[in-house]
Amino acid sequence: MAKKLGFGLMRLPLTNPDDGGSIDLEETKKMVDRFLEKGFTYFDTAWMYCNFKSEEAVKEVLVSRHDRDAFTLTTKLHSGFIKTLEDRDKIFNEQRRKTGVDYFDYYLLHDINTHSLEVYKKLDCFNWIQEKKKQGLVRHIGFSFHDGPELLDKVLTEHPEFEYVQLQLNYLDWDSIGVQSRKCYEVAAKHGKQVIVMEPVKGGTLAAVPDSVKNLFQEYNPEASIPSWAIRFAASQENVFVVLSGMSNMEQLEDNTSYMQDFVPINEEEAKRIKEAADLINKNITIPCTGCSYCAPGCPMQIAIPKYFSLYNADLQEVKGKDWTPQGEYYDNLTKDFGKASECIACGQCEGVCPQHLEIINLLKDVADHFED
């Protein structure tokens, strides 16, 4: 059975912390060699990772130094960089040149969501990616996804040709009404698609947990690292094919591979503690919304109030200093079908029905300032 840990080539070691493209190639070579030495083979990159330098680094640290059958490589086509039909092949051929491979083991449409779906349809990317597979330039096809379960169900129903879905999945987002990891996972499983997991540690957020959570985990197993709980939670889901981890130093790589080399799924007691950990983290949330949704149906502006509050809470829990967090993208996707937080007309109907007596009008201003500025 293939090992369930993948090397995400988005957060590589840098020579200059302020320059995402200053990849420390010598350190990355050592990490790649160690990863392969321990029996792991899955590498994931994309067109824009590391200031568009990740794919070039792949050639230098991996492809030019190891046999092609010693690893599997994934990259992606992003809707934001294609304007014409010709752009699809232009980028694909450049990706082959940059990485130095004749074919990609896995090729994904990057980040299908309510906005990008229109681009992929307009530029016929669904037939295009199937043609690449027929030509032998791609072995397996799939897509990554940052949106809700309803849209995921629609895409998979209309496009059964996809073999894999890459989802944000972690124990904090598992029951989040904003991200809805569990529901998206269940949709993929219903369609018989294996899941590639991204953001299992939420970009480091679940490595820097509150002391109460750290104590909860260490009380059970003082030897296990804090991130291991998050990665093993994701890998323990039956339909998960591989869990990606963006490793930026050798220490992280050695830790991840130590417990994923002979992976043991979480047991009942560990699952219980992980659920408790999520509850402890959520107790520190800024807006104590329970997600009952009493407020939403009567909103004249059709603002997705509970979902926005959930995304706002999740975004404030992120570790500081990250250039990008997924919550902003989820918010942007929702505003296509729902009113923006800034469009609140302060009619007050939501506050009149809120069981938690939240000052929703003022809180929506905070959400708007946070995501729309």
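Parameters and conventions
Along every chain, residues carry numbers that run from 1 in the direction the sequence is written. Per-residue local features are limited, in this predicted model, to residues with pLDDT of at least 70; the limit for side-chain atom pairs, both in listing and counting, is 80 or more; totals at the level of whole chains, interfaces and linings are taken over all residues. Computation of side-chain values covers all heavy atoms of the structure but excludes hydrogens and water. Throughout this description, buried means an accessible area under 20% of the type-specific maximum (1.4 Å probe, protein chains only), exposed means over 50%, and partly exposed covers the range between. Secondary structure elements are taken from DSSP: a helix is a run of H or I of four residues or more, a strand is a run of E of two residues or more, and numbering for both begins at the N terminus. When the strands point away from the viewer, a crossover counts as right-handed if the path from the first strand over the helix to the second runs clockwise. Here a pair means two rings of Phe, Tyr or Trp (six-membered ring of Trp) with centres within 6.5 Å. Their orientation is stacked below 30 degrees between planes, edge-to-face above 60, and tilted elsewhere. A ring is considered to have a charge above it if a Lys NZ or an Arg CZ atom is located within 6 Å of its centre and within 35 degrees of its normal. Axis angles are defined between N-to-C directions and span 0 to 180 degrees, where every axis is a line fitted to C-alpha atoms and, for a helix, only to the segment in contact. These descriptions rest on fixed angle ranges, namely under 35 degrees for roughly parallel, over 145 for roughly antiparallel, 65 to 115 for roughly perpendicular, and the rest for oblique. For a crossing to be left-handed, the near helix must be turned anticlockwise from the far one by less than a right angle; the clockwise case is right-handed. Contact criterion: two residues are considered in contact whenever any of their non-hydrogen atoms come within 4.5 Å of each other. Residues were grouped as follows: Ala, Val, Leu, Ile, Met, Phe, Trp, Tyr, Cys and Pro as nonpolar; Asp, Glu, Lys and Arg as charged; and all remaining residues, including Gly, as polar. Two strands pair if DSSP finds at least two bridges between them. The arc in question is the one traced by the directions running from the helix axis out to the C-beta atoms. Take the residue count of a helix, subtract one, and multiply by 1.5 Å to get its expected span. Joining through side-chain atoms within 4.5 Å is the link that ties buried Ala, Val, Leu, Ile, Met, Phe, Trp, Tyr and Cys residues into a set, and such a set is a nonpolar core.

Just checking my understanding: could you explain the pairing of strand E4 (residues 104–112) for this structure?
The side chains of a regular strand alternate between the sheet's two faces. With 9 of 9 residues buried, E4 lies mostly within the body of the structure. On the question of chirality, the crossover connecting strand E3 (residues 72–78) to the parallel E4 by way of helix H4 (residues 85–99) is right-handed.

How should the packing of aromatic side chains be read in this particular structure?
The way to describe two aromatic rings as a pair is by their centre distance and the angle between their planes. In total, this model carries 26 aromatic pairs according to the counting rule given. Measuring from centroid to centroid gives 6.3 Å for Tyr 171 and Phe 217, while their planes differ by 85°, and the two rings are edge-to-face. Taken together, the positions of Tyr 171 in the loop between strand E6 (164–168) and helix H8 (181–190) and Phe 217 in helix H9 (residues 211–220) put the pair 46 residues apart, joining distant regions of the chain. Taking the relative accessible area as the measure of exposure, Tyr 171 reaches 4% and is therefore buried. Of the residues examined, Phe 217 reaches a relative accessible area of 0% and is grouped as buried. Centre to centre, the rings of Tyr 308 and Tyr 331 are 4.6 Å apart; their planes meet at 50°, and the pair counts as tilted. Note that Tyr 308 is positioned in helix H13 (residues 305–316) and Tyr 331 in helix H14 (residues 326–334), a separation of 23 residues in sequence. In this arrangement the basic side chain of Arg 139 is found over the ring face of Tyr 103, its NZ or CZ atom lying 3.9 Å from the centre.

Help me understand the packing of H13 against H14 in this model?
To describe two helices that pack against each other, one gives the angle between their axes and the distance between the axes. The N-to-C vectors of H13 and H14 enclose an angle of 165°; their axes lie 9 Å apart at closest approach. It follows from the interaxial angle that H13 and H14 lie roughly antiparallel. As H13 packs across H14, the resulting crossing turns out to be left-handed. Contact residues: H13 offers Lys 307, Tyr 308, Leu 311, Ala 314 and Asp 315, while H14 offers Gln 327, Tyr 330, Tyr 331 and Leu 334. Taken together, the residues of the contact of H13 with H14 break down into 6 nonpolar, 1 polar and 2 charged.

Explanation requested: the environment of Arg 65 in the structure shown.
One can find Arg 65 in the loop between helix H3 (54–63) and E3. Look past the residues within four positions of Arg 65 in its chain and what remains in contact with it is Lys 29, Asp 33 and Glu 60.

Just to check I follow, could you spell out the sheet that holds strand E7 (residues 194–198) for this structure?
Two orientations exist for strands paired in a sheet by backbone hydrogen bonds: parallel and antiparallel. Pairing is parallel in the closed barrel, where 8 strands are placed in the order E1-E2-E3-E4-E5-E6-E7-E8. On average, each strand axis in the sheet is tilted by 30° relative to the strand beside it, whichever way the strands run. The sheet contact formed by strand E2 (residues 42–44) and E3 spans 3 bridges and is parallel. Each residue of the ladder has a partner; that of Asp 44, found in E3, is Thr 74. Against the sheet, helix H1 (residues 25–37) makes contact with strand E1 (5–8) and E2, and its axis sits at roughly 170° relative to E1, the strand it touches most.

Before we go on, may I ask you to explain the environment of Pro 288 in this structure?
Mapped onto the elements, Pro 288 comes out in the loop between helix H12 (268–283) and H13. On the basis of relative accessible area, Pro 288 is assigned to the partly exposed category, the value being 47%. Residues Pro 288 and Gln 356 lie 68 residues apart in sequence; the distance between their C-alpha atoms is 7.8 Å. In contact with Pro 288, not counting residues within four places along its chain, are Gln 356 and Leu 358.

I would appreciate a short explanation of H9 in the present structure.
Side chains of residues three or four places apart in an α-helix project in the same direction, reflecting 3.6 residues per turn. Within H9 the residues assigned to the buried category are Val 213, Leu 216 and Phe 217. The arc enclosing the buried residues of H9, seen along the axis, measures out at 90°, which places them on a common side. Across H9 from its buried face, at more than 90 degrees, point the exposed residues Asp 211 and Glu 219. Among the structural elements, helix H10 (226–235) and H12 are those in contact with the buried residues of H9.

What is the right way to look at the packing of H1 against H3 in this model?
Across the interface, H1 lies against H3 with an axial gap of 9 Å and an inter-helix angle of 55°. If you check the angle between H1 and H3, you find them oblique. Viewed along their axes, H1 and H3 form a crossing whose handedness is right-handed. Counted together, Leu 25, Thr 28, Lys 29, Val 32 and Leu 36 of H1 and Ala 57, Glu 60, Val 61 and Leu 62 of H3 form the full contact between these two elements. Its residues assigned to classes, the contact of H1 with H3 comprises 6 nonpolar, 1 polar and 2 charged.

Please explain H4 as it appears in this structure.
Between its terminal C-alpha atoms H4 stretches 22 Å, which fits the 21 Å expected from 15 residues at 1.5 Å a residue. Listed as buried for H4 are Asp 87, Arg 88, Ile 91, Phe 92, Gln 95, Lys 98 and Thr 99. Viewed end-on, H4 has its buried residues packed into an arc of 130°, placing them on one side of the element. For H4, exposure combined with an orientation more than 90 degrees from the buried face picks out Glu 86 and Lys 90. Summarising the contacts, the buried residues of H4 are in contact with helix H2 (49–52), H3, E3, E4, helix H6 (125–134) and strand E5 (138–145).

I keep staring at the nonpolar core and nothing clicks. Help me out?
For soluble globular proteins, nonpolar side chains are generally found buried alongside one another. Of all hydrophobic cores here, the largest spans 84 residues; its most connected members are Phe 7, Phe 43, Leu 109, Phe 143 and Tyr 171. Ranked by residues supplied to this core, first place goes to H10 with 7 residues. If we skip the residues at most four places from it in the chain, Phe 7 touches Leu 12, Met 31, Val 32, Phe 35, Tyr 42, Phe 43, Asp 44, Ser 245, Met 247 and Leu 253. Core analysis: the next-biggest nonpolar cluster, separate from the first, contains 24 residues, Cys 299, Tyr 331, Leu 334 and Cys 354 among them.

Honestly, that's just the spatial picture; any functional story needs more than this.
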